Amino acid sequence: MIEVESDPPARVDGRAARAERTRAAIVEAHLALIDAGDLRPTGERIAERAGVSLRTLWTNFKDMETLFAATGRRIGERQAALWRPVPPELPLAVRIAEFCGQRARLLEVLAPPARASALREPFSPQLRRNREAAIARVREEIETVFAAELANAGPGRAQLLDALTVAGTWAAWSMMRDAMGLDVEAAREVMARTLGALLSAGSR
């Protein structure tokens, strides 16, 4: 029997750790360029920002779609670090205020990547999946925070949930911040007023 030499576990682990650090640096470089206003960064610019060769970039990410997937996960981690649960037992007015305040903070973190994604989303299945996942997370939170009001909506529950989701996601935030020029506080107040009206109407 011929024995095949293999790397010691420590050496394998070291290589894996270096590879993970390289991938993380590439993702952070991608996001840093977007945050700085480069909404369609090329592989060359991302590699330069990360301090790696273009070959290294494409060794770690086979194409832009796989990079978009990793970047989407990193954005989710950024938002998760800021997210705090809104207790569903609080009075409705307090829940609306806390939910909208938190959504405003999270949407401002999301803003540069969301603007960048809008340019490429029609041609990128992964970016569309990223957006669908973000919407699903908001929808799930709304179902928890406003569970009582949704239950009271009866047959209108599904439509109320749809309306609340629209009001709390990037599309509405972008309309207020980019198209209408509202500042963060004004946009937050509009969101709160919208949710308040929807929830009051839905519980009648």
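Above: the structure in question.
None of the values given here were measured: they were computed from a predicted structure.

Undergrad: Teacher, can you tell me more about the overall build of the protein here?
TA: Secondary structure summary: the protein contains ten helices and zero strands in total. The order of α-helices and β-strands along the protein, N terminus first, is α-α-α-α-α-α-α-α-α-α. Its C-alpha atoms give the protein a radius of gyration of 21 Å, more than 25% over the compact-globule value 17 Å for 204 residues. With the C-alpha coordinates of the protein rotated into their principal frame, the extents come out at 75 × 45 × 25 Å. In the protein, once contacts between residues fewer than 6 apart in sequence are set aside, the share between residues at least 24 apart is 63%. Here the protein displays about 11700 Å² of accessible surface, and carbon together with sulfur accounts for 57% of that area. The averaged location of the 27 negative side-chain charges in the protein is 2 Å from the averaged location of its 29 positive side-chain charges.

Undergrad: Is there a simple way to explain the environment of Ala114 in this structure?
TA: If you trace the backbone, Ala114 turns up in helix α5 (residues 92-120). Sequence-wise, Ala114 and Arg131 are 17 residues apart; in three dimensions their C-alpha atoms are separated by 8.6 Å.

Undergrad: Would you explain the nonpolar core in this entry?
TA: Nonpolar side chains in soluble globular proteins generally cluster together in the buried interior. Grouped together as the largest cluster of nonpolar side chains are 43 residues, with contacts concentrated most on Ile46, Phe146, Trp173 and Leu195. When near neighbours in sequence (up to four residues on either side) are disregarded, Leu195 contacts Ile96, Phe99, Cys100, Phe146, Leu164 and Ala167.

Undergrad: Would you take a moment to explain the packing of aromatic side chains for this structure?
TA: Given two aromatic rings, their pairing is described by the distance between the two centres and the angle made by the two planes. Inspection of the entire model under this criterion finds one aromatic pair. Judged by centre distance (5.5 Å) and plane angle (75 degrees), the ring pair of Phe99 and Phe146 falls under edge-to-face. Within this pair, whereas Phe99 is found in helix α5, its partner Phe146 is found in the loop between α6 (125-145) and α7 (147-152), the two being separated by 47 residues in sequence. Overall, the relative accessible area of 0% leaves Phe99 in the buried class.

Undergrad: What am I meant to see in the pattern of salt bridges here?
TA: A side chain with one charge can pair with a side chain of the opposite charge if their charged atoms come near. For the structure on display, the rule yields 13 salt bridges. The shortest N-O distance in the salt bridge between Arg139 and Asp162 comes to 2.8 Å. With Arg139 in helix α6 and Asp162 in helix α8 (residues 157-168), the pair connects residues that are 23 residues apart, well separated along the chain. By relative accessible area, which is 27% here, Arg139 ends up partly exposed. A relative accessible area of 38% places Asp162 in the partly exposed class. Here the residues in one salt-bridge network are Glu28, Asp35, Arg74, Glu77 and Arg78, joined through shared partners.

Undergrad: Just checking my understanding: could you explain the environment of Gly37 for this structure?
TA: Within the element layout of this structure, Gly37 appears in the loop between α1 (9-35) and α2 (43-50). The class of Gly37 is exposed, set by a relative accessible area of 51%. Sequence separation between Gly37 and Pro113 is 76 residues, and the spatial gap between their C-alpha atoms is 9.7 Å.

Parameters at a glance
Residues numbered from 1 in each chain as written. Predicted model: local features only at pLDDT ≥ 70, side-chain atom pairs only at ≥ 80, totals over all residues. Heavy atoms only, no water. Helix = DSSP H or I, 4+ residues; strand = E, 2+ residues; numbered from the N terminus. Rg over C-alpha atoms; globule rule 2.2 N^0.38 Å. Contact = heavy atoms within 4.5 Å. Areas by Shrake-Rupley, 256 points an atom, 1.4 Å probe, with all protein chains shown as cover. Lys, Arg positive; Asp, Glu negative; His and termini not counted. Charge placed at Lys NZ, Arg CZ, Asp CG, Glu CD. Core = buried A, V, L, I, M, F, W, Y, C linked by side-chain atoms within 4.5 Å. Buried < 20%, exposed > 50% of the residue type's maximum accessible area, 1.4 Å probe, protein only. Phe/Tyr/Trp six-rings, centres within 6.5 Å; stacked < 30°, edge-to-face > 60°. Salt bridge = Lys/Arg side-chain N within 4 Å of Asp/Glu carboxyl O.

Geometric values such as these leave the question of function open.
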